[in-house]
Amino acid sequence: MKFKKIITFVSILGMLSCTFPGVSYADSINIKYGNKKINYSDKQVKYTINGSEIKSKYPGIIISGISLASAKEVFSDSKIGLSYKFNVKSNTLELKRDGKTLLLKLNSEKAKVNGKSEIIPIAPRIVQFSDKTSKVYVPARYVAKTFGLTYDWDAVSGIAAMTGKTVNKKKAKKAAD
């Protein structure tokens, strides 16, 4: 009888562990953040918009308690649909949608929203991954809220859930062709 209870307990424990969402990225990643090479082993963030996962080859990262996301993958290439323009000479990133423009400068905690200066919680940075790919990473909550999205963080699952207006990327792409 005792053996049967142990088997039942282990089976239930196994089933429960399979039902909770988790972050499926590697346990740690080697990145270059700013000018420092680090082995990043903190939470690797996934993002959703209106309940659908945003596909991203590179995970979000947590620096000083703030989630940073690839601006292009999470906010431009997704259904969020912000226009994305990075100027290499001035190290500035311009994100736009619906008449709102957000201007960010790498390594600066100053931003401009429609020309008005604001202080942001953490500076945008270039993050380079071990495959030598470099991405502009921005404070995800700040960008989401700037463009009218709600942003909810679930520390257990490592998922930042955003809700709000989206665009149909296929239609937008066809109109541009």
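Here the residue numbering is sequential within each chain, running from 1 through the sequence in written order. Local features in this predicted model are restricted to residues whose pLDDT is 70 or higher, and side-chain atom pairs enter the listing and the counts only when it is 80 or higher, whereas totals over whole chains, interfaces and linings include all residues. Each side-chain value is worked out from all heavy atoms of the structure, with water and hydrogens disregarded.

Enquirer: Would you mind going over the pairing of strand 8 (residues 92-97) with me for this structure?
Expert: Here is the key point about a regular strand: its side chains alternate between the two faces of the sheet. Whether two strands pair depends on DSSP finding at least two bridges between them. Where helices and strands are cited, they refer to DSSP runs of H or I of at least four residues and of E of at least two residues respectively, numbered from the N terminus. Bridging between strand 7 (residues 83-87) and strand 8 involves 5 bridges; their strand directions are antiparallel. Looking at strand 8, one finds that Phe-86 is bridged to Leu-93. In this antiparallel pair of consecutive strands, strand 7 and strand 8, the connection spans 4 residues, and Asn-91 shows a positive phi of 55°. Examined bridge by bridge, strand 8 and strand 9 (residues 100-105) share 6 bridges and lie antiparallel to one another.

Enquirer: Quick question: what am I supposed to make of the side chain of Ser-56 here?
Expert: Looking at the secondary structure, you find Ser-56 in the loop between strand 4 (52-53) and strand 5 (61-63). The rule is simple: take the accessible area with a 1.4 Å probe, protein chains only, and divide by the maximum for that residue type; under 20% is buried, over 50% is exposed, in between is partly exposed. Accessibility expressed as a relative area gives 18% for Ser-56, which makes it buried. Nitrogen and oxygen atoms within 3.5 Å of one another constitute a polar contact, given that in protein one can donate a hydrogen and the other can accept it, and given that sequence-neighbouring residues count only through two side-chain atoms. Here the side chain of Ser-56 touches Tyr-58 through a polar contact of 2.6 Å, landing on its backbone oxygen. A distance of 2.5 Å separates polar atoms of two side chains, one belonging to Ser-56 and the other to Glu-73.

Enquirer: Before we go on, may I ask you to explain the sheet that holds strand 5 in this structure?
Expert: Sheets are built from strands paired through backbone hydrogen bonds, the pairs being either parallel or antiparallel. Spatially, 2-1-12-13-6-5 is the arrangement adopted by the 6 strands of the open sheet, whose pairing is antiparallel. The sheet terminates laterally at strand 2 (36-40) and strand 5, the two strands that pair on one side only. This sheet shows a mean twist of 40° between the axes of neighbouring strands, independent of strand direction. The pairing of strand 6 (residues 66-70) with strand 13 (residues 134-139) spans 3 bridges and is classified as antiparallel. When the sheet's bridge partners are listed, Ser-70 is paired in strand 13 with Tyr-137. Axis definition: a line fit to C-alpha positions, over the contact stretch in the case of helices; interaxial angles, taken between N-to-C directions, run 0 to 180 degrees.

Enquirer: Would you mind showing me how to read the pattern of salt bridges here?
Expert: Two side chains that carry opposite charge are able to pair once their charged atoms sit near each other. We define a salt bridge as a contact between a side-chain nitrogen of Lys or Arg and a carboxyl oxygen of Asp or Glu at a distance within 4 Å. Under the defined criterion, the tally for this structure stands at 7 salt bridges. Lys-85 serves as the salt-bridge partner of Glu-94, at 4.0 Å between the closest nitrogen and oxygen. In this structure, the salt-bridge partner of Lys-96 is Glu-94, at a minimum N-O distance of 3.9 Å. Residues participating in the shared-partner salt-bridge network are Lys-85, Glu-94 and Lys-96.

Enquirer: Where do I start with the sheet that holds strand 15 (residues 159-163) in this structure?
Expert: Strand order across the open sheet formed by 4 strands is 4-3-15-14, with mixed pairing between neighbours. Each edge of the open sheet is held by one strand with a lone partner, namely strand 4 and strand 14 (150-154). Sheet topology places strand 3 (residues 46-49) next to strand 4; 2 bridges connect them, and they run antiparallel. Bridging from a neighbouring strand, Thr-48 pairs with Glu-53 of strand 4.

Enquirer: What exactly am I supposed to notice about the environment of Phe-75 here?
Expert: Inspection of the secondary structure assignment puts Phe-75 in helix 2 (residues 71-76). Here Phe-75 falls in the buried class, since its relative accessible area comes to 1%. Taking C-alpha positions, Phe-75 is 10.0 Å from Tyr-47, a pair spaced 28 residues apart along the chain. We call two residues in contact when some of their heavy atoms are within 4.5 Å. When residues no more than four places from it in sequence are discounted, the contact partners of Phe-75 are Ala-69, Ser-70, Ile-80, Gly-81, Leu-82, Val-138, Ala-140, Val-143, Ala-144 and Met-162.

All quantities given are derived from atomic positions and should not be read as evidence of function.
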